[in-house]
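A look at the structure
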Amino acid sequence: MSLSGIRIIDAHIHQWDPFSTPRVFSPTARLLRTLPIPMDLAKRLAPRRDREFTGDPTAFTRPYLPADYRADAGTEPIDAVVHIEVAWTGKGALAEAEETAWVARLPFGGDNPELGAILGCADPAAPDFAALLDAHLAAAPLVRGIRAHVAHHPDPQVRPYAPRPGALTTKEFLNGFGLLAERDLCFEAWVYSHALPDVTALAARFPEVPIVLNHLATPAGLFGPVGKHTGTNPSVRRALFLRWRDDLSALAEQPNVVAKVSGLMMPILGHPVPPRGTPTPVPVLVDRVHPLIEHALDAFGADRLLWGSNFPVDKPITTITNSIDAVATAVTGHGGGHSELEHIFRNTARRIYRIDTPAH
């Protein structure tokens, strides 16, 4: 559907080059470039939890840079993007700041959207957290906050991004977290949905730190079975949704939290992965995601929601255009109008990340 002239800020994208920068997936990408292994075979040989998370590993085996994003965005009126850290594996306590410097040098602007903000990687529990924050800020003036690798799932076959549960609750993490407020930085909270209460407790303890909930907390298995015992049948999925709904409502009571309507097309939610190049139709996506978007709209209000494409991670399921259409259709179907769409697709991101573009 049309956004009626709204200029969009995409509040969640990733950029990488696994051939020239150190990423978790760089060795695999380099191996596949060297060996003539068909991508479909490589997909079948990958560990199950990686297959279920990525859906299709193609995007992770090649660079994804500003021109690639522009091609995926097509004619969508996207003025600016927000870059979120992804899987940098450089050596040394300050290595993650190298990713920030690398992103800042990419050719955004001109034919490509502008780079509006950068969210780097840093762990508040690390002893060198303060020095790393300062290194990020020195690497690029567009740094607005950090994301830490804290996502862990109780199902051992759902891909973890932290070695153990409860990363947001440790003494070390809490001792470091307040440094974000001292530097006027926000925290990108990406967790699986069962950990929403940990985000709520964190927000209550640090009301001075803006927290951006990524991907509406990724309720893995909501649309179909994943892992060993997640989303195995409609009854289990209904219980998952109800717990997500109640926990999201509790989080929304914390005024320092906004929620990102992003990542809803990640394969780990249980989406069937269509053949490459045939995205899931918008009506099918709307049927799946509208209960999530409608509840988020009720809980947070449009001025505390922001949209992100999560490209290229969501690419196996959807296109950027279809993602925009599905979210906008769900919002308007729940009574939202032009003002709500402006908040979700532009103004909330502009405010939270202090992006220097005109308000609409």
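See the structure above.
Residues numbered from 1 in each chain as written. Predicted model: local features only at pLDDT ≥ 70, side-chain atom pairs only at ≥ 80, totals over all residues. Heavy atoms only, no water.

Once that is clear, we can look at empty space enclosed by the protein. Summed over all chains, the structure comprises one cavity of 30 Å³ or more. The volume enclosed by the largest cavity comes to roughly 30 Å³. Surrounding the largest cavity, Val261, Ser262, Gly263, Leu264, Met265, Trp307, Gly308, Asp314, Ser323 and Val327 form its lining. Here the residues of the lining of the largest cavity sort into five nonpolar, four polar and one charged. (1 Å grid on protein atoms, 1.4 Å probe; cavity = no way out; pocket = protein on both sides within 12 Å on 5 of 7 lines; lining within 4 Å. Points joined across faces, edges and corners; volume = space filled by probe spheres on them. Nonpolar A, V, L, I, M, F, W, Y, C, P; charged D, E, K, R; others polar.)

Turning our eyes to something else, we now look at the sheet that holds strand E3 (residues 114–121). Strands sit in the order E1-E2-E3-E4-E5-E6-E7-E8 across an open sheet of eight strands; the sheet is parallel. Unpaired on one side and paired on the other, strand E1 (8–13) and strand E8 (305–307) mark the two borders of the sheet. Across the sheet, the mean angle separating the axes of adjacent strands is 25° when strand polarity is ignored. In terms of strand pairing, strand E7 (residues 257–261) meets E8 through three bridges, oriented parallel. Bridge pairing links Lys260 to Leu306 in E8. Across the sheet, helix H11 (residues 282–300) lies against E7 and E8, angled at about 160° from E7, the strand it touches most. (Pairing = 2+ DSSP bridges. Helix = DSSP H or I, 4+ residues; strand = E, 2+ residues; numbered from the N terminus. Axes fitted to C-alpha atoms, helices over the stretch in contact; angles between N-to-C directions. Contact = heavy atoms within 4.5 Å.)

Tallied over the entire structure, the rule returns zero disulfides. With no disulfide of its own, Cys121 lies closest to Cys186 among cysteine sulfurs, the gap being 14 Å. (Disulfide = S-S within 2.5 Å.)

On to the packing of helix H9 (residues 196–205) against helix H10 (residues 234–252). Two measures define how a pair of helices packs: the angle their axes make with one another and the distance between the axes. It is the contact of H9 with H10, at a shortest axis distance of 9 Å, that shows an interaxial angle of 5°. Looking at the two axes, H9 sits roughly parallel to H10. Mapping the contact onto sequence places Leu196, Pro197, Val199 and Thr200 in H9 and Trp244, Asp247, Leu248, Ala250 and Leu251 in H10. (Parallel < 35°, antiparallel > 145°, perpendicular 65-115°, else oblique.)

Right, let's talk about the pattern of salt bridges for a bit. Tallying each qualifying case throughout the model produces 14 salt bridges. Between Glu52 and Arg48 there is a salt bridge, with the nearest N and O atoms lying 3.2 Å from each other. Of this pair, Glu52 and Arg48 both sit in helix H3 (residues 48–54), four residues apart, which is roughly one turn of that helix. Of the charged contacts, one joins Arg354 and Asp184 as a salt bridge, the two residues approaching to 3.8 Å between their closest N and O atoms. Of this pair, Arg354 sits in the segment after helix H13 (338–352) while Asp184 sits in the loop between helix H8 (179–182) and strand E5 (186–189), and the two are 170 residues apart along the sequence. Here the residues in one salt-bridge network are Arg7, Asp79 and Arg346, joined through shared partners. (Salt bridge = Lys/Arg side-chain N within 4 Å of Asp/Glu carboxyl O.)

Looking now at the layout of surface pockets. Its volume calculated, the second largest pocket comes out at about 380 Å³. The residue inventory of the lining of the second largest pocket, partitioned by class, reads 11 nonpolar, five polar and six charged.

So, on to the side chain of Lys260. Mapped onto the elements of the fold, Lys260 is located in strand E7. Residue Lys260 is classed as buried on the basis of its relative accessible area of 0%. Within polar-contact distance, the side chain of Lys260 engages the side chain of Tyr353 at 3.0 Å. Filtering out sequence-adjacent residues up to four positions away, Lys260 remains in contact with Ala11, His12, Ile84, Glu188, Val212, Leu213, Asn214, His215, Leu216, Leu306 and Tyr353. (Buried < 20%, exposed > 50% of the residue type's maximum accessible area, 1.4 Å probe, protein only. Polar contact = N/O pair within 3.5 Å; in protein donor to acceptor, adjacent residues only side chain to side chain.)

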